[in-house]
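Examining the three-dimensional arrangement
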There are 2 protein chains.
Amino acid sequence: MTIQSFIPPHRILMGPGPSDISPQVLQALSRPTVGHLDPLFVGMMDELKSLLKYAFQTENEFTIAVSAPGSAGMETCFVNLIEPGEKVIVCRNGVFGERMRENVVRAGGIAEVVDDEWGTPVSVAKVEQALKDNPDAKVLAFVHAETSTGACSDAEALGKLAKQYGVLTIVDAVTSLGGVPLKVDEWQLDAVYSGSQKCLSCVPGLSPVTFSPAAIEKIQSRTTPVQSWFLDQSLVLGYWSGEGKRSYHHTAPVNSLYALHESLLILKNEGLENAWQRHRDMHEKLKQGLAKLGFEFVVEESSRLPQLNAIYIPQGIDDAKVRNHLLNTYNLEIGAGLGALAGKAWRIGLMGYGARAENVALCLRALEESLAQ
Amino acid sequence: MTIQSFIPPHRILMGPGPSDISPQVLQALSRPTVGHLDPLFVGMMDELKSLLKYAFQTENEFTIAVSAPGSAGMETCFVNLIEPGEKVIVCRNGVFGERMRENVVRAGGIAEVVDDEWGTPVSVAKVEQALKDNPDAKVLAFVHAETSTGACSDAEALGKLAKQYGVLTIVDAVTSLGGVPLKVDEWQLDAVYSGSQKCLSCVPGLSPVTFSPAAIEKIQSRTTPVQSWFLDQSLVLGYWSGEGKRSYHHTAPVNSLYALHESLLILKNEGLENAWQRHRDMHEKLKQGLAKLGFEFVVEESSRLPQLNAIYIPQGIDDAKVRNHLLNTYNLEIGAGLGALAGKAWRIGLMGYGARAENVALCLRALEESLAQ
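Residues numbered from 1 in each chain as written. Chains lettered and ligands numbered in written order. Predicted model: local features only at pLDDT ≥ 70, side-chain atom pairs only at ≥ 80, totals over all residues. Heavy atoms only, no water.

By the naming in an unreviewed UniProt entry, chain A goes by Aminotransferase and is assigned to Vibrio orientalis CIP 102891 = ATCC 33934. Under the UniProt heading Sequence similarities (unreviewed entry), the entry covering chain A gives this text: "Belongs to the class-V pyridoxal-phosphate-dependent aminotransferase family." Of the comments in the UniProt record for chain A, the one headed Cofactor (unreviewed entry) reads "pyridoxal 5'-phosphate". (UniProt positions renumbered as here; feature names shortened; annotations may be inferred.)

Written as structure tokens, this is what we have:
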């Protein structure tokens, strides 16, 4: 096979992520690589920490980007915070809650699962009951914005409940960060991870994480080593630490961090509240158009994420045929259903730079045409 | 603090990595992001596998890029191949052999360490003795090209020895791949990992790995789950597999994979043998110039890596002062010593796109000037 340079088309990314990326971020990505211990790069990392703190709405000193995708961010939180034999209450209302349970088990913990229907938010009442029934639980883990269904759970209520019962929280904010309100300090969340490729509209491959002082204390009082060397945050901290000499841990993904810096700067310049409002506005436009076309949402309005719109595929419509038509005719990507919703739903993402009126208009027009065929 | 876009200077990277990157690769990096399940992207991944097989000189079906830096590639090999309680013979002649030992222990294995002096290659005789003394060992782990010292070990002899004694090999080829001969199939190596940012001259953040059929068999006959969900290759395989539908595991670092594809294409077009020869030629030029300046190498000529030149810092010379001068005056980065060689040696990299006559000339001229100051 003769291989040539790969020249991708310009897709419009309206799936569950990666999302559309601003040309400004792609330009930052391709700036000349510098060494990962270069003083200028170290300065850039300090700025990056400060921008991440803003996005997470936290003063947590330990706020960094894990050098790997969101799944690795998830694993970072579990393997650092949980010691073998510890009990974790895991809320499961979609694919990523189940992945959290997997992580607990692989870290040697005991998972106590609180199940809710796919498409509904985590039940705060059920979680409170589980906390009462399991006084030996050390951690409560839940997904803020379930990417598989588009349901938003009440992270504020769950965070405060956890504090009331004296347990730490691990929160999946992969799809929420930058798209809907997330206030790490105000909501008293302890270990929160996200992804670069959703509402931050950066390239995929990085996972922003933040640990509260209580989470750091838990890590520092471990009696067993973290099972992963690569994800051991007591080692990573020496590289990201703001004071004195940086100690080498691994080679940072320099160029991807340039891009994250730029995408966070765009978010800061827009303002978090404005970004949240823009996601709501675009969702409103999309919702009105979808209603006219007869679509129904998987998630009830009260807990619907504006940035991830899961809609049922109308009866008699060929799932793959429509998505292929959108991709081949319009370079438009929407997401297939995942897990229990595979073949039953589509997921339309309005994330970050992708949450623009021109994208909404294109998507509605192209869907209308596809359904008429 | 007011934060602005980060505009890095154009450094000349002659440290231990990241290495200089061709503008062609940076251009590929910044092409428009497509979805990680897009049919065109899936086709690109198939090409990438084929290019990686060429670079590794293997027919191994399982030849992919782990979505994280080389340290995660190392961990991938250990957590997948080793089950708790299994004995591993680990060769330690620098920083990365010690990191391998750490990985064995964290994976629940028992490390039997074979030590050699820093700056010398792994002793094949000592390893044979260890294999005789430990008939219960399952795996032999060693570093092909020690990035901390510049020593090249005889991976061919070690690979064949391991087969003779019926153990699998885990080989660190982070700095060797693309820079010196590495023949995975001919040398009968089982699990080999590398990094994108050394002699492949791609951006940092990816770790090419290849597993032999025997390594895959070991993984498939495990009686315990892999402790890492993110690095569990039985799950990752479903995403990289060439046949039928790709199953979602994590979001691939799309743009970084574009860059890896391009850098491997450059390697293929040059030809592996030509690339190896170019590294030797540039090393020869550098060596002659360094000799005139009175420098001494850490590693003896017979086991010296052309792409990583560790030289002793002359007496009376201020390590940091010289490196800062090179960086600030010439935008030239050379590497500090690591571990036992910190403050005692410099490491001059001639890796991939960085192994060019103009880099050698600049480095020699700038070093001469620095020493004279």
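Before going further, it helps to examine helix α12 (residues 357–372) of chain B. Residues and elements named next belong to chain B. Under the 1.5 Å per step criterion, the end-to-end length of α12 is 23 Å for 16 residues, consistent within 8% with the ideal 22 Å. Taken residue by residue, α12 has N359, V360, C363, L364, A366, L367 and S370 as its buried positions. Among the structural elements, β1 (12–14), α10 (272–292), α11 (319–330), β12 (332–336) and β13 (345–349) are those in contact with the buried residues of α12. (Helix = DSSP H or I, 4+ residues; strand = E, 2+ residues; numbered from the N terminus. Expected span 1.5 Å × (residues − 1). Buried < 20%, exposed > 50% of the residue type's maximum accessible area, 1.4 Å probe, protein only. Contact = heavy atoms within 4.5 Å.)

Per the counting criterion, the structure on display carries ten aromatic pairs over all chains. Where A:Y248 meets B:F96, the ring centres are 6.3 Å apart and the plane angle is 70 degrees; that geometry is what we call edge-to-face. In this pair, A:Y248 is assigned in the loop between α8 (233–240) and α9 (254–270) and B:F96 in helix α4 (residues 95–106), connecting two distinct chains. Taking relative accessible area as the criterion, A:Y248 reaches 27% and is therefore assigned partly exposed. Site record: aromatic cluster; members linked through ring pairs are A:F6, B:F41 and B:Y258. We note B:K268 situated over the ring of B:Y54; from NZ or CZ to the ring centre the distance is 5.5 Å. (Phe/Tyr/Trp six-rings, centres within 6.5 Å; stacked < 30°, edge-to-face > 60°. Lys NZ or Arg CZ within 6 Å of the ring centre and 35° of its normal.)

In this section: the environment of B:R278. All names here are of chain B. Residue placement: R278 occurs in helix α10. A relative accessible area of 22% places R278 in the partly exposed class. Residues R278 and A357, spaced 79 residues apart in sequence, show a C-alpha to C-alpha distance of 9.8 Å. Leave out the neighbours within four places in its chain, and R278 touches E270, G352 and A355.

Attention now goes to the interface of chain B and chain A. Every contact between the two is made by 70 residues of chain B and, on the other side, 70 residues of chain A. Of all residues in chain B, the largest losses of buried area upon contact with chain A belong to B:F6, B:R106 and B:W229, amounting jointly to 13% of the total for that side. Inspection of the region where chain B meets chain A yields four salt bridges. A salt bridge links B:D38 to A:R11; the nearest nitrogen and oxygen atoms lie 2.6 Å apart. For the side of chain B that touches chain A, the elements supplying multiple residues, two or more each, are α1 (23–29), α2 (39–56), α3 (70–81), α4 and α9 (254–270) of chain B. Here the side of chain B that touches chain A takes eight residues from α2(B), the largest share from any one element. (Buried area = accessible area lost by both parts, 1.4 Å probe. Salt bridge = Lys/Arg side-chain N within 4 Å of Asp/Glu carboxyl O.)

Looking now at the pairing of strand β4 (residues 110–115) of chain B. All names here are of chain B. Where strand β3 (residues 87–92) lies against β4, six bridges are found, and the strand directions are parallel. The residue bridging I89 from the neighbouring strand is E112, located in β4. Crossover connection from β3 via α4 to parallel β4: handedness right-handed. (Pairing = 2+ DSSP bridges. Right-handed = clockwise from strand over helix to strand, strands pointing away.)

Moving on, we come to the relation of the copies chain B and chain A. The transformation that overlays chain B on chain A combines an axial shift of 0.0 Å with a rotation of 180 degrees, and the residual RMSD is 0.0 Å. Here the symmetry operator amounts to a two-fold rotation axis. Comparing contact sets, 100% of the residues at the interface of chain B also lie at the interface in chain A, consistent with an isologous, same-surface contact. (Least-squares fit on C-alpha atoms with pLDDT ≥ 70 in both.)

Residues and elements named next belong to chain A. Read from one edge of the open sheet, seven strands run β2-β10-β9-β8-β5-β3-β4, paired in mixed fashion. At either end of the open sheet lies a strand with only one pairing partner, and these are β2 (62–66) and β4 (110–115). Sheet twist, expressed as the average angle between the axes of neighbouring strands with direction ignored, equals 15 degrees. Pairing between strand β3 (residues 87–92) and strand β5 (residues 137–143): four bridges, direction parallel. When the sheet's bridge partners are listed, V88 is paired in β5 with V139. Contacting β2, β9 (191–193) and β10 (207–211), helix α2 (residues 39–56) crosses the sheet at an angle of about 105 degrees to β2. Sheet strands in contact with helix α6 (residues 155–164) are β5 and β8 (168–172), and its direction is about 180 degrees off that of β5. (Axes fitted to C-alpha atoms, helices over the stretch in contact; angles between N-to-C directions.)

With that settled, the discussion passes to the sheet that holds β1(B). All names here are of chain B. Strand order across the open sheet formed by four strands is β1-β12-β13-β11, with mixed pairing between neighbours. Two strands in the sheet have a free side with no partner beyond their single neighbour: β1 and β11 (308–312). Across this sheet, the average inter-strand angle for adjacent strands is 30 degrees, counted without regard to direction. When β1 meets β12, the two strands line up parallel, connected through three bridges. Across the sheet, I12 pairs through a bridge with L332, a residue of β12. Its contacts with the sheet place α11 against β1, β12 and β13, and it is angled at close to 160 degrees to β12. Contacts from α12 reach β1, β12 and β13 within the one sheet, and its direction differs from that of β1 by about 80 degrees.

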